[in-house]
Amino acid sequence: MPDTTEAPDGITGALSRAGFDLLGRAELRRAARYHRPTSLLLVEIAAFRRLVERNGNAAGDAVLQNLVALIRTQLREHDTVARIGDASFAALLPETAEAQAMFVAERLCHAAADLHVDFQDRPISFSVSIGVTCCIDREDDLDGILQDADVALCVARRGDSGGVALSPTAHMTDDNAA
């Protein structure tokens, strides 16, 4: 049986959750070895269920595909995006301190708000909420880092218009980035 761990998500083409877990753990080990910052963005489409109820599953798939394409335009070549939930994506940004990660997250949030997905001759707009965390020397703690970003995402998703929030447990600033 072929190994499908790194197979992309069938709808979006983003890395699968299993592939993200493998790649994320390897990146955290590398970052810890060299004492380098790593940031994680947890991106979620606001009110996605309502969007699908109004427009149908095919429209929801189109929104997911367009969001992943947009995320990729906002990231560097060596950053990684993965679908980790129904309408949730994780973006791993190696060598990125919290100020840089917040800049990327804000830029992505605004770009998503400006995006209109053309589906069956009607535009569909949406917003995203983004939780951001940054760490250094958390070699074997991908689950903890995802939890930190999720706490920030809960703050960011207050209201339906989306937004960005930094995890209160982010322990990295540009001053202590090596």
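Note that the coordinates shown come from a computational prediction; the quantities given were computed from them, not determined experimentally.

Pairing is mixed in the open sheet, where five strands are placed in the order S2-S3-S1-S6-S7. Each end of this open sheet is capped by a strand with a single partner; those strands are strand S2 (80-83) and strand S7 (163-166). Here the strands of the sheet are splayed against their neighbours by 20° on average, with no regard to which way each runs. Relative to the sheet, helix H3 (residues 57-74) contacts strand S1 (38-45), S2, strand S3 (88-94) and strand S6 (128-135), its axis offset from that of S1 by approximately 155°. Its contacts with the sheet put helix H4 (residues 98-114) on S1, S3, S6 and S7, and the angle it makes with S6 is roughly 170°.

Bringing the side chain of Thr-38 into the picture now. Structurally, Thr-38 is set in strand S1. Thr-38 sits in the buried class, given a relative accessible area of 2%. If we skip the residues at most four places from it in the chain, Thr-38 touches Glu-27, Leu-28, Ala-31, Leu-92, Leu-93, Pro-94, Glu-95, Thr-96, Thr-133, Cys-134 and Cys-135.

Per the stated rule, a full pass over the model turns up 11 salt bridges. Notably, a salt bridge pairs Glu-95 with Arg-36, separated by 2.8 Å at the nearest N-O pair. Taken together, the residues Glu-95 in the loop between S3 and H4 and Arg-36 in the loop between helix H1 (17-33) and S1 connect sequence positions 59 residues apart. Its salt-bridge partner being Arg-138, residue Asp-148 comes within 2.6 Å of it at the nearest N-O pair. Placement of Asp-148 in helix H5 (residues 142-156) and of Arg-138 in the loop between S6 and H5 is noted, with a sequence separation of 10 residues between them. Residue Asp-148 shares its accessibility class with Arg-138, and that shared class is buried. One network of salt bridges, in which partners are shared, links Glu-27, Arg-30, Arg-36 and Glu-95.

The rules behind each value
- Residues numbered from 1 in each chain as written.
- Predicted model: local features only at pLDDT ≥ 70, side-chain atom pairs only at ≥ 80, totals over all residues.
- Heavy atoms only, no water.
- Pairing = 2+ DSSP bridges.
- Helix = DSSP H or I, 4+ residues; strand = E, 2+ residues; numbered from the N terminus.
- Axes fitted to C-alpha atoms, helices over the stretch in contact; angles between N-to-C directions.
- Contact = heavy atoms within 4.5 Å.
- Buried < 20%, exposed > 50% of the residue type's maximum accessible area, 1.4 Å probe, protein only.
- Salt bridge = Lys/Arg side-chain N within 4 Å of Asp/Glu carboxyl O.

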